[in-house]
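# Summary of the model geometry
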Amino acid sequence: MDAQGLDWLLVPLHQLVSWGAAGAMVFGGVVPYIPQYRDIRRTQNAEGFSTYVCLVLLVANILRILFWFGRHFESPLLWQSIVMIVTMLLMLKLCTEVRVANELNVKRRFFSAADNKDEEVKVPPRRSYLDFDPHHFWHWSSFADYLQCVLAFTGIAGYITYLSIDSALFVETLGFLAVLTEAMLGVPQLYRNHRYQSTEGMSIKMVLMWTSGDTFKMAYFLLNGAPLQFSVCGLLQVMVDLAILAQAYAFSRHPPKPTPHAVHSTSAKAL
């Protein structure tokens with residue numbers, strides 16, 4: 001009788017914990033970007049945040065969704081990818097608007113535009129999908145250009161996946177590429193910090209949330225028997241997060257000397 005009463009208590013408790021873990025997995029990845037988003041809106045300066053972070057996450061989560069069609073994994077991981085894609089598009093939209101508003105010249109760069117080689121334009125040129133300039137990749141002046149690029153990548157990757165979905169080797173490789181790309185999430189920020197020898201403008205809260213979230217995610221992968229690729233790359237992702245935190249500590253202890261001609265603008269440090 002006591003055992004039955006204990007089961008009556010433990011079963012719903014276990015279910016509640018499972019729901020909580022699933023909810024944290026779906027929405028937890030978005031939380032680190034809230035303080036960074038607010039900082040960019042408040043300071044109207046996006047220089048401290050690398051938009052290549054958005055590129056990495058968009059590619060990783062698009063590939064993960066395509067991987068799901070070949071090998072079904074847990075639904076929370078699938079929904080996490082969908083929520084993250086929406087979040088990264090919102091981050092890109094804000095960063096693009098802020099960067100264009102702060103530009104001192106009227107030069108514009110496009111993903112697909114005719115005769116726009118960085119000349120001054122007052123009216124957007126007539127679009128042509130044959131004029132992609134790789135020198136300005138991911139440095140465009142309109143959110144629509146980023147959206148076009150994401151849709152083009154999704155269409156090409158989706159078509160290749162459709163043709164190769166019956167190949168187990170392709171499916172496993174696709175899953176590995178998805179999680180490996182996500183593991184490289186912090187590398188653009190790591191490189192940006194190293195290049196400028198500063199973490200000015202980067203939200204420390206965001207990186208701390210990255211670290212805690214990635215640690216939780218790795219534990220979730222291990223406890224729920226996720227594919228091996230997820231666990232290995234999750235560990236790599238935690239290591240990159242710790243390296244960024246080490247940069248923040250080192251640069252705060254030994255800040256670089258100010259130069260008369262700064263190569264980049266800075267924003268208020270978000271702590």
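Here is a short report on the structure shown in this document. No experiment lies behind these values; they were computed from the predicted model shown.

Counted under the stated rule, the structure contains three salt bridges. For Asp39, the salt bridge goes to Arg42, with nearest N and O atoms at 3.4 Å. Separated by three residues within a single helix, Asp39 and Arg42 lie in helix H2 (residues 33–43), roughly one turn from each other. The exposed category is assigned to Arg42, whose relative accessible area is 53%. The partner of Lys93 in a salt bridge is Glu97, and the shortest N-O contact between them spans 2.6 Å. Taken as a pair, Lys93 and Glu97 lie in helix H4 (residues 75–102) at a separation of four residues, close to a single helical turn.

The next point concerns the nonpolar core. If you look at the biggest cluster of nonpolar residues, it comprises 52 residues, and the most contacted ones within it are Tyr33, Ile40, Phe49, Leu58, Met88, Trp138 and Trp210. Counting residues per element, the ones that place at least two in this core are H2, helix H3 (52–70), H4, helix H5 (143–164), helix H6 (168–183), helix H8 (204–223) and helix H9 (228–253).

Although it is not a glycine, Gln44 sits at a positive phi angle of roughly 55°. Of note in this structure, Trp138 is not a glycine but carries a positive phi near 65°. Here Trp138 lies in the loop between H4 and H5. Classification of Trp138 as buried rests on a relative accessible area of 1%.

Rules of the game
Residues numbered from 1 in each chain as written. Predicted model: local features only at pLDDT ≥ 70, side-chain atom pairs only at ≥ 80, totals over all residues. Heavy atoms only, no water. Salt bridge = Lys/Arg side-chain N within 4 Å of Asp/Glu carboxyl O. Helix = DSSP H or I, 4+ residues; strand = E, 2+ residues; numbered from the N terminus. Buried < 20%, exposed > 50% of the residue type's maximum accessible area, 1.4 Å probe, protein only. Core = buried A, V, L, I, M, F, W, Y, C linked by side-chain atoms within 4.5 Å.

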